[in-house]
Every structure is written in structure tokens, then in C-alpha cells.
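Now for the letters of each chain:
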2 protein chains.
Amino acid sequence: MSLAGSPAAMSNPRADRVREVARLAGRSGRVRAGQFLAEGPQSVREALRLHRERAAAGGEPVVDQLYATAECLDRSPDLAELAQGAPLRLATDAVLAAMADTVTPQGILAVCRMPHATLDDVLSRGPRLVAVMCRVQDPGNAGTVLRAADAAGADAVLLTEGSVDIFNPKAVRSTAGSLFHLPVVTGLSFGEGVDTLRAAGLAVLAADGYGATDLDELQDRSAARRLAPGAGNDGGAAAARLEAPTAWLFGNEAAGLSDAELAAADHRVAVPLYGVAESLNVGTAATVCLYASARAQRRG
Amino acid sequence: MSLAGSPAAMSNPRADRVREVARLAGRSGRVRAGQFLAEGPQSVREALRLHRERAAAGGEPVVDQLYATAECLDRSPDLAELAQGAPLRLATDAVLAAMADTVTPQGILAVCRMPHATLDDVLSRGPRLVAVMCRVQDPGNAGTVLRAADAAGADAVLLTEGSVDIFNPKAVRSTAGSLFHLPVVTGLSFGEGVDTLRAAGLAVLAADGYGATDLDELQDRSAARRLAPGAGNDGGAAAARLEAPTAWLFGNEAAGLSDAELAAADHRVAVPLYGVAESLNVGTAATVCLYASARAQRRG
């Protein structure tokens, strides 16, 4: 990428613009601006890809401001190429460090527009697999669940009221770009949300260490329906079928799902623990559950 | 628990003993002392359980020193009961804070003896499922893989030379007690280790995003052998069978497995990515792979 003719790199870490960007590390700053930070090549690359797709489709911008060092763009020709479609300003490392929440944003940082997906938007596309985080508190856990949902091909991720802000910089980093891969609905009212999901035809499964239904049992029944049909493996009309459209509920990392949340589910499903461990962390449990559904739905 | 007659709580955060314990947060301190720190109720509880089991069997102690506040023991009767089998000293919050690597060790901390499991010890027990971390660098990732291995009922976790020190306090915390549930062998020489595992009858599978073998395919074949035997689902003599004794190789989080590591494996197996995500984090990949093996081995 030729930077000849570009304006000089921003070099004053105390400039008003720098302070404005830095405020996006805090929740009130994000709410006021309707923007959030994506830091580092991995997140910014996915933001820029979505930005380009949206631009081609005439949609809303994803990246409102892009800041990078010349060195970073020299080092990463793919980023430099993607950056051409975004409002880029070159900046020094000191400016980026002052803008960023991380110690080192690795030479690139984007100010992104907060998305406004709603549950209705999600449902209008006929989703088959949805992950619902119920009061998950840790940004790293929330990011891991979102990344697992993306890998498993989930159609959306929902976060109920009282969950961590998925747009906080630590959560954004731990999604490793997946935040830009699928719709994320935040501030969901749990009761209304579950009713709406069920009305749209999704089975609501609660991931619950004490659940009466064993996930391996469900996987075996699903595999048997594919591999040995007619062998009476359907488990009855009331049993959960992993290949059906499904919303998984994942609970708070310390307390799990509340009694009310469990009661709202169609089935409570336990991930088997084969060793001595007493529980799984929420990211691990979500991975196993979402992959079990994805496999059942896609290997048909 | 009655604390009547106990010596007074340690209250001087600058005492020599406190400094000695605090040195265990650093690698050189751990190597010199042959000890490491377990902080907080979850880790300490599992350390004390193993300590009690070992004592009952006449084995080596696990907990060399135990420090707790009276409040913590009052709050957690199960911990107080377990603590009776260990060399307990009461201490103030200030003393615990000075000893600990965490901001708050939540009132309890144990100095544990570094275990000395060897690959020969592990193999002498006829393991069926082993996780090998190859140069994994992040303590949180290493802890997550270890916890997933425990949940999946793995028989051991091995870490090759150049991996993060699993006894560093952050790694210990992220294992959530699983460090005390299964043998952990560190400093493994990769080449020798793989040869030894294979000679002991374990298939060596590399988790590799670019692997030619699809994990779902292996799971389907394994399920078919159970559910529809005789249907010609064996995939040929050379195909990997998930139900066979297996050692999984998991690579460095940034670079994955090296070419040499991949070449040493019997099969390179990819976890399918159903969505837009380009990769899985190592904890997520390990969870999917280890659970796939555990399911195939245990649902027979």
C-alpha cells in the first residue's frame, strides 16, 4: 500500500480525538457514542471484512474510524488492502497505546458502530441453532462462548439482561473476531426471549450439570436415527432431538442457571463428566453442547 | 471447627515465612523449593482431598503448608474438616494477601509439593486417553485444556518442553482443582514422548485445523460400529478409531503444531468449523477432541 500523499500520522497522545476513542473502553463511553473498540489485527481484520461486505450491499458501516501505524500496514498487506475501504488515519504507537484498552494494540485499532440486531431480526431468518448466555459475567467466558457459537455455525448469540457487556474491550478481544461473524442481541429479557424462541419453533435446552437428560444419550439417539433408521431409537415424542432447531441456555459461571431459568426450558441436559471434575466452565460446556447440535443438524 | 487452643494467627505480612511462600509465585522460587501455590477454596479443597487420600494410602504428602483465616474456615465447614489432616496455620487476610499471587486468595492458600509423575508411571497404568500440550504458552489456555481433560476422564496430561509452567499460579487457578485430579507430566521431550506413547499402544492424533481427517467423520464411523455393526463402516484398517487408546496432540495457540509435530502423528484430525470462524482456541479444540474420544471409548 502506498501511503504517499496521506496526511501526517497522528502523533499527539493527548489530542481530543485520542481521548474520545479512549473513552470507549468504559461502558458509559460506549453507550454515549454508540461505538466500541476493536483492537489488534485479528479483530480489526474481521471488522473490516464485514465493513466491506456491508458497503457492497449498501448497508450500514461497521468501522467508523480506523487507526493504524504505517509499520503495521506494511507488515500485513491483507490489512492494508482491507483498510482502503475504511476511514483510515495513520497514527504513532504512542497514540494507539493511549486510545487502546490493551497494553499493546499491535499497531491497529478500529472504532466500530454498535450493532442493533433484535431477536425479531434473528428469527426472521429461520435460525436452527442459537446460543443464549444467561447472566454470564466474565468477559473472557462470554467471548469464548461467542467464538464457540461461531465455530459451531450458530445463527445468533443472545445475552440476557444482567450479562457482561460483550462490547467491553476484553470481551471483544476474546471473541477473536467472531463478534463480526454472527448477530449478537444484548439486553434480552429472559422470560419474553424464551417464549419468543419457543413460539418460533425452537426447542429450548438448558445446559445443566444436574440435568436429567444426558447429552451423550441424545447424541446416540440422533446418530441412530441417521445410521440405523427404523430401529426404534426415537426416544418417544417428548424426547429432545438434537437435529431439531434449538436454543441452548448457558448459565452464570458461578451459580449456573437459576431455578426459574431451568423451569423455562423444555429439557435440562447434562454434559457427562467422565473424570473427577465436578463441573465444566461455561465455555467448555457451551462448546460440547453447540457442537453436538451442529453435528446432529449437519450430518443428516 | 474449634480453634480454641490454636496458636495465634500469623499477622505479620513481612515475616520470613510469608516471603518464602510469596516466592513460589515465580518459577525460580518454585524450582528451588520444589513447591507451588494453590490459592482459593476451589483449588485448595481438591489439594486437601488428594492429600487425605494419599495419607490414607501411606503416600507422599500433597499439602506441605496450609494457611487460612478463621473466617474462611467458619464459612466453609467442609474446608475446615479437610484442613484437619493438613499442617494448618491460621493467618490474617493481610498475611494471605502478601503470600498470594492473586489480589485476594479468598481466605485460604496451600503450599503444595510439586508432583513427580513420569511418562513411565502414566504408561504403567494402561492409559486409554492422554492429552499432550505441545508448547502451549498461555497459562489460562493450559489450565482450560487440563480441566477439559479431567472432565473427559483423560488418564494423564503431558506438557512438552517449551510449554508454559502449569504450576504458575495463574495456570493453577484456571485448572479449578483439576491439577489434583490426574497425573501431569511436564518437560516432556516431544520426539521421545511420542515414540514411547506409540510403543505403548496409543494412537497419536494431531488436532490440526488443516487435517485431512474430519473429526465428525471419525465420530460417525465409531457410532456406526456400535449402532449398526457389520454395515462396512470401519473405514479400512488404516483409519483412526476413536474408541482405541489415544494420545491427542494440541499445539501452540498462535502457531499450532509444527511440521515436525504433525509429521510425528499417526493422523491429523480437523475439528469441523461450521461457521465463519477461521480457527478454534486450543481449549475449545481440546474439549471437542477429548470428548469425542471419551464418548467413543465409554459408550461401547
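Because the structure is predicted, anything quoted here is derived from the model rather than measured.

**Focus on the domain arrangement of chain A**
Residues and elements named next belong to chain A.
Logical step 1: Per the domain assignment, the segments of chain A are domain 1 (16-113) and domain 2 (119-298).
Logical step 2: The straight-line distance from the C-alpha centre of domain 1 to that of domain 2 is 31 Å.
Logical step 3: With 16 residues of domain 1 in contact, the opposing surface of domain 2 contributes twelve residues.
Logical step 4: Both sides of the domain 1 and domain 2 interface together cover about 1200 Å² of buried area, and 60% of this is carbon and sulfur.
Logical step 5: The three residues of domain 1 that bury the most area against domain 2 are Arg30, Phe36 and Glu46, which together make up 37% of that side's buried surface.
Logical step 6: Counting across the domain 1 and domain 2 interface gives four salt bridges.
Logical step 7: Joining domain 1 to domain 2, the criterion identifies five residue pairs in polar contact (both at pLDDT 80 or more).
Logical step 8: When contributions to the side of domain 1 that touches domain 2 are tallied by element, the ones reaching two or more residues are α2 (27-33), β1 (35-39) and α3 (40-56).
Logical step 9: The dominant element in the side of domain 1 that touches domain 2, judged by the number of residues it contributes, is α3, at five residues.
Logical step 10: Of the residues that constitute the side of domain 1 that touches domain 2, the class distribution is eight nonpolar, three polar and five charged.

**Focus on the packing of aromatic side chains**
Logical step 1: Per the stated rule, a full pass over the model turns up eight aromatic pairs over all chains.
Logical step 2: Measuring from centroid to centroid gives 6.1 Å for Tyr274 of chain A and Tyr291 of chain B, while their planes differ by 45 degrees, and the two rings are tilted. Here the residue Tyr274 of chain A occupies a position in the loop between β11 (267-270) and α13 (282-298), and Tyr291 of chain B occupies one in helix α13 (residues 282-298), the pair thus bridging two chains.
Logical step 3: Its relative accessible area of 18% is what places Tyr274 of chain A among the buried residues.
Logical step 4: Consider the rings of Phe36 of chain B and Phe167 of chain B, whose centres lie 4.7 Å apart with planes at 50 degrees: the pair is tilted. Separated by 131 residues along the polypeptide, Phe36 of chain B in strand β1 (residues 35-39) and Phe167 of chain B in the loop between β6 (156-160) and α9 (169-175) bring together distant segments of the chain. There is no split in this pair, since Phe36 of chain B and Phe167 of chain B are both buried.
Logical step 5: Connected via pairs of aromatic rings, a cluster forms that spans Phe36, Phe167 and Phe180 of chain A.

**Structural notes on the UniProt feature "domain: RNA 2-O ribose methyltransferase substrate binding" (unreviewed entry) in chain A**
Logical step 1: Mapped onto this numbering, the UniProt entry annotates "domain: RNA 2-O ribose methyltransferase substrate binding" (unreviewed entry) at residues 37-118 of chain A.
Logical step 2: Its end C-alpha atoms 21 Å apart, residues 37-118 of chain A is made of 45% helix and 22% strand.

**Notes on the pairing of strand β5 (residues 129-133) of chain B**
Residue and element names in this part refer to chain B.
Logical step 1: β5 sits mainly inside the fold: five of its five residues count as buried.
Logical step 2: Neither face of β5 is exposed, since Leu129, Ala131 and Met133 on one face and Val130 and Val132 on the opposite face are all buried.
Logical step 3: Relative to strand β10 (residues 246-250), β5 runs parallel, the two being bridged by five bridges. Bridged to Val132 within β10 is Leu249.

**Details of a positive patch on the surface**
Logical step 1: A cluster of basic residues, Arg14, Arg19, Arg23 and Arg32 of chain A, forms a positive patch at the surface.
Logical step 2: Relative to the elements of secondary structure, Arg32 of chain A occurs in helix α2.

**Some remarks on the interface of chain A and chain B**
Logical step 1: Across the boundary between the two partners, chain A contributes 40 residues, which contact 40 residues of chain B.
Logical step 2: Surface buried jointly by chain A and chain B totals about 3300 Å² across both partners, of which 53% is contributed by carbon and sulfur atoms.
Logical step 3: The shortest N-O distance in the salt bridge between Arg295 of chain B and Asp216 of chain A comes to 2.7 Å.
Logical step 4: At the boundary of chain A with chain B, the tally comes to 20 residue pairs in polar contact (both at pLDDT 80 or more).
Logical step 5: For the side of chain A that touches chain B, the secondary structure elements donating two or more residues are α3, α8 (139-151), α11 (215-227) and α13 of chain A.
Logical step 6: Among the elements that line the side of chain A that touches chain B, the one with the most residues is α11 of chain A, at eight residues.

**Description of the pattern of salt bridges**
Residues and elements named next belong to chain B.
Logical step 1: Under the definition given, this model contains 28 salt bridges over all chains.
Logical step 2: Across the salt bridge formed by Arg113 and Asp64, the nearest N and O atoms sit 2.7 Å from each other. Taken together, the residues Arg113 in strand β4 (residues 108-113) and Asp64 in strand β2 (residues 63-68) connect sequence positions 49 residues apart.
Logical step 3: Look at Asp64 and you get buried, because its relative accessible area is 18%.

**Description of helix α3 (residues 40-56) of chain B**
All names here are of chain B.
Logical step 1: Taking 1.5 Å per residue as the helical rise, α3 with its 17 residues ought to reach 24 Å, and the 24 Å between its terminal C-alpha atoms agrees with that figure.
Logical step 2: Its buried side turned inward, α3 meets β1, β2, α5 (77-83), β4 and α9.
Logical step 3: Phi turns positive, to about 75 degrees, at Gly58, one or two residues after α3.

Calculation criteria
- Residues numbered from 1 in each chain as written.
- Chains lettered and ligands numbered in written order.
- Predicted model: local features only at pLDDT ≥ 70, side-chain atom pairs only at ≥ 80, totals over all residues.
- Heavy atoms only, no water.
- Domains from an automatic or database assignment.
- Contact = heavy atoms within 4.5 Å.
- Buried area = accessible area lost by both parts, 1.4 Å probe.
- Salt bridge = Lys/Arg side-chain N within 4 Å of Asp/Glu carboxyl O.
- Polar contact = N/O pair within 3.5 Å; in protein donor to acceptor, adjacent residues only side chain to side chain.
- Helix = DSSP H or I, 4+ residues; strand = E, 2+ residues; numbered from the N terminus.
- Nonpolar A, V, L, I, M, F, W, Y, C, P; charged D, E, K, R; others polar.
- Phe/Tyr/Trp six-rings, centres within 6.5 Å; stacked < 30°, edge-to-face > 60°.
- Buried < 20%, exposed > 50% of the residue type's maximum accessible area, 1.4 Å probe, protein only.
- UniProt positions renumbered as here; feature names shortened; annotations may be inferred.
- Pairing = 2+ DSSP bridges.
- Patch = residues over 30% accessible without salt bridge, like charges linked within 9 Å, V, L, I, M, F, W, Y side chains within 5 Å.
- Areas by Shrake-Rupley, 256 points an atom, 1.4 Å probe, with all protein chains shown as cover.
- Lys, Arg positive; Asp, Glu negative; His and termini not counted.
- Charge placed at Lys NZ, Arg CZ, Asp CG, Glu CD.
- Expected span 1.5 Å × (residues − 1).

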